[in-house]
Amino acid sequence: MNYSNILVTKLKMAPEATENGYAIIQLNRPEVMNAINIALMKELVEALDEMEKENDIRCVILTGSEKAFAAGADIKEMADASTVEMLQRDMFSRWDRIRKFKKPIIAAVGGYALGGGCELALTCDIIIASESAKFGQPEISIGVIPGAGGTQRLTRAVGKYKAMEMVLTGTMITAEEAKQWGLVVKVVPNEILLEEAKNLAKTIASKPSVAVQLGKEAILKAFDTTIESGLEFERKNFYMLFSTEDQKEGMRAFVEKRKPKWKGK
Ligand code: CAA
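The sections below set out a description of the structure shown in this document.

Definitions and cut-offs
- Residues numbered from 1 in each chain as written.
- Predicted model: local features only at pLDDT ≥ 70, side-chain atom pairs only at ≥ 80, totals over all residues.
- Heavy atoms only, no water.
- Near = heavy atom within 4 Å.
- Polar contact = N/O pair within 3.5 Å; in protein donor to acceptor, adjacent residues only side chain to side chain.
- Areas by Shrake-Rupley, 256 points an atom, 1.4 Å probe, with all protein chains shown as cover.
- Helix = DSSP H or I, 4+ residues; strand = E, 2+ residues; numbered from the N terminus.
- Nonpolar A, V, L, I, M, F, W, Y, C, P; charged D, E, K, R; others polar.
- Buried < 20%, exposed > 50% of the residue type's maximum accessible area, 1.4 Å probe, protein only.
- Pairing = 2+ DSSP bridges.
- Right-handed = clockwise from strand over helix to strand, strands pointing away.
- Salt bridge = Lys/Arg side-chain N within 4 Å of Asp/Glu carboxyl O.
- Axes fitted to C-alpha atoms, helices over the stretch in contact; angles between N-to-C directions.
- Contact = heavy atoms within 4.5 Å.
- Patch = residues over 30% accessible without salt bridge, like charges linked within 9 Å, V, L, I, M, F, W, Y side chains within 5 Å.
- Core = buried A, V, L, I, M, F, W, Y, C linked by side-chain atoms within 4.5 Å.

## Section: the site of the ligand
Logical step 1: Around the ligand, 23 residues are found, and the nearest of them are A73, G116, E119, E139 and G147.
Logical step 2: Measuring from a nitrogen atom of the ligand, one finds a backbone N or O atom of A71 at 3.0 Å.
Logical step 3: Contact distances for the ligand include 2.9 Å between an oxygen atom and a backbone N or O atom of G147.
Logical step 4: Compared with its free state, where it exposes 980 Å², the ligand has 64% of that area covered by protein.
Logical step 5: Element by element, the count of residues in the shell around the ligand is highest for helix α2 (residues 75-78), at 3 residues.
Logical step 6: Split into classes, the residues belonging to the shell around the ligand amount to 14 nonpolar, 4 polar and 5 charged.

## Some remarks on the pairing of strand β3 (residues 59-63)
Logical step 1: Burial analysis of β3 places 5 of its 5 residues in the buried class, which makes it a mostly covered element.
Logical step 2: Burial of β3 is two-sided: the residues C59, I61 and T63 facing one way and the residues V60 and L62 facing the other way are all buried.
Logical step 3: Pairing of strand β2 (residues 22-27) with β3 involves 5 bridges; the strand directions are parallel. Bridge assignment links I24 to a residue of β3, and that residue is I61.
Logical step 4: After leaving β2, the chain enters helix α1 (residues 38-53) and then returns to the sheet as β3, a path that is right-handed.
Logical step 5: With 4 bridges joining them, β3 and strand β5 (residues 105-109) adopt parallel strand pairing. Bridging from a neighbouring strand, V60 pairs with I105 of β5.

## Comments concerning the pattern of salt bridges
Logical step 1: Applying the stated criterion to the full structure yields 12 salt bridges.
Logical step 2: As a salt-bridge pair, D96 and R99 come within 3.7 Å of each other at their nearest N and O atoms. On the criterion of helical spacing, the pair formed by D96 and R99 is a turn pair, its members being 3 residues apart in helix α4 (residues 92-99).
Logical step 3: Using a relative accessible area of 37% as the deciding quantity, one classes R99 as partly exposed.
Logical step 4: Of the charged contacts in the structure, one is a salt bridge between K216 and D125, with a shortest N-O distance of 2.7 Å. Placement of the pair is K216 in helix α10 (residues 209-221) and D125 in the loop between α5 (116-123) and β7 (126-130), with a sequence separation of 91 residues.
Logical step 5: Residue K216 is classed as buried on the basis of its relative accessible area of 10%.
Logical step 6: Note on D125: relative accessible area 29%, which makes it partly exposed.
Logical step 7: Ionic contacts of the salt-bridge type, sharing partners, join the residues K10, E50 and E54 into one network.

## A short note on the sheet that holds β7
Logical step 1: Spatial strand order, β1-β2-β3-β5-β7-β10: 6 strands in an open sheet with mixed pairing. Since the sheet does not close on itself, it has two edges, and those belong to β1 (6-11) and β10 (186-188), each with one partner. With direction set aside, neighbouring strand axes in the sheet form an average angle of 20°.
Logical step 2: Relative to β7, β5 runs parallel, the two being bridged by 4 bridges. Note on β7: the bridge partner recorded for A107 is I127.

## What to know about the side chain of E139
Logical step 1: Residue placement: E139 occurs in the loop between β8 (134-136) and α6 (150-158).
Logical step 2: A polar contact of 3.1 Å, which involves the side chain of E139, links it to the side chain of Q137.
Logical step 3: Sequence-distant contacts of E139, that is, excluding residues within four places in its chain, are made with G115, G116, E119, V144, I145 and P146.

## A short note on a nonpolar patch on the surface
Logical step 1: Residues I140, I145, M164 and L168 make up a contiguous nonpolar surface patch of about 380 Å² in total accessible area.
Logical step 2: Relative to the helices and strands, I145 is located in the loop between β8 and α6.
Logical step 3: Judged by relative accessible area, I145 falls into the exposed class, the value being 54%.

## Quick word on the nonpolar core
Logical step 1: Counting 46 residues, the largest nonpolar core has L120, F135 and L183 as its most contacted members.
Logical step 2: Those residues within four positions of L183 in sequence are excluded, and the remaining contacts are L122, I127, F135, L154, A157, V158, I173 and A178.

## As for the sheet that holds strand β9 (residues 173-174)
Logical step 1: In space, the 4 strands of this open sheet follow the order β4-β6-β8-β9, with mixed pairing throughout. Edge positions in the sheet fall to β4 (68-70) and β9, since each has one partner strand and no second.
Logical step 2: Where strand β6 (residues 112-114) lies against β8, 3 bridges are found, and the strand directions are parallel. Looking across to β8, one finds that Y112 is bridged to K134.
Logical step 3: Where α5 meets the sheet, its contacts fall on β4, β6 and β8, and the angle it forms with β6 comes to roughly 90°.

Okay, here's the thing in structure tokens:
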């Protein structure tokens, strides 16, 4: 597939190999700080659609450049749009597709992650950041509010009061603050951001893939259900894993004091 707004690298897992098994998607509109336009979003979803079907891709890294992960939705593309035009564009249905991607996505954030850029990182499953990363929801300063999940996901991630401050003032936070607030799991020097993301991706890719998928699904369930039905959901996924070969292999390998050999089924 030829893309013009993203760069895709696939490090597929060879049979019997334990390395690799992940893909890197780099947002690539450097002239506009990786602003997310309709074309970029379309390509991103197409790339993910393809990766979802590829068994030897088990984890995806989403990244930008050192200057910007993404500076938000493309303001120039929507500046003159009417409500009806925005409704007809239905740009957020593509964001919903990313939310439903079954494999883990790691956001490796360097530079600005603003507006839709911050929301894109929030849609991912794990966020790591470089020391120069800055997160923010500056939409209020251009007369709108976050539209790609910011008011919901940011609030769930950092709580009501910090989310209010960020969304109502548009103030940016540093990578270190984002880590203190639980948004980011790790802050690393710029030069090793991608290396760290790759190590994380390799670790996830080396785990039994059905368990990884059901683990992600169960954690996401926690965001839209009661504790009672969330626990029930988790339990069913847990029981379901007992029908996989990898569960038998994993537990036998533990008992036999050897390394498990995963089959991904
Ligand atoms: N949309 C379109 N173009 C953008 C952009 C965006 N979100 N962000 C940056 N650009 C463009 C600039 O217009 C500029 O282009 P020109 O060279 O043609 O003028 C180029 O990228 C470089 O940007 P700056 O000159 O502004 O660079 P800077 O270093 O001075 O500032 C910045 C960087 C702080 C990121 C600043 O560009 C900025 O504030 N960007 C907008 C951030 C923003 O408001 N994001 C929210 C968008 S709305 C949204 O995302 C809604 C939603 O919830 C989905």
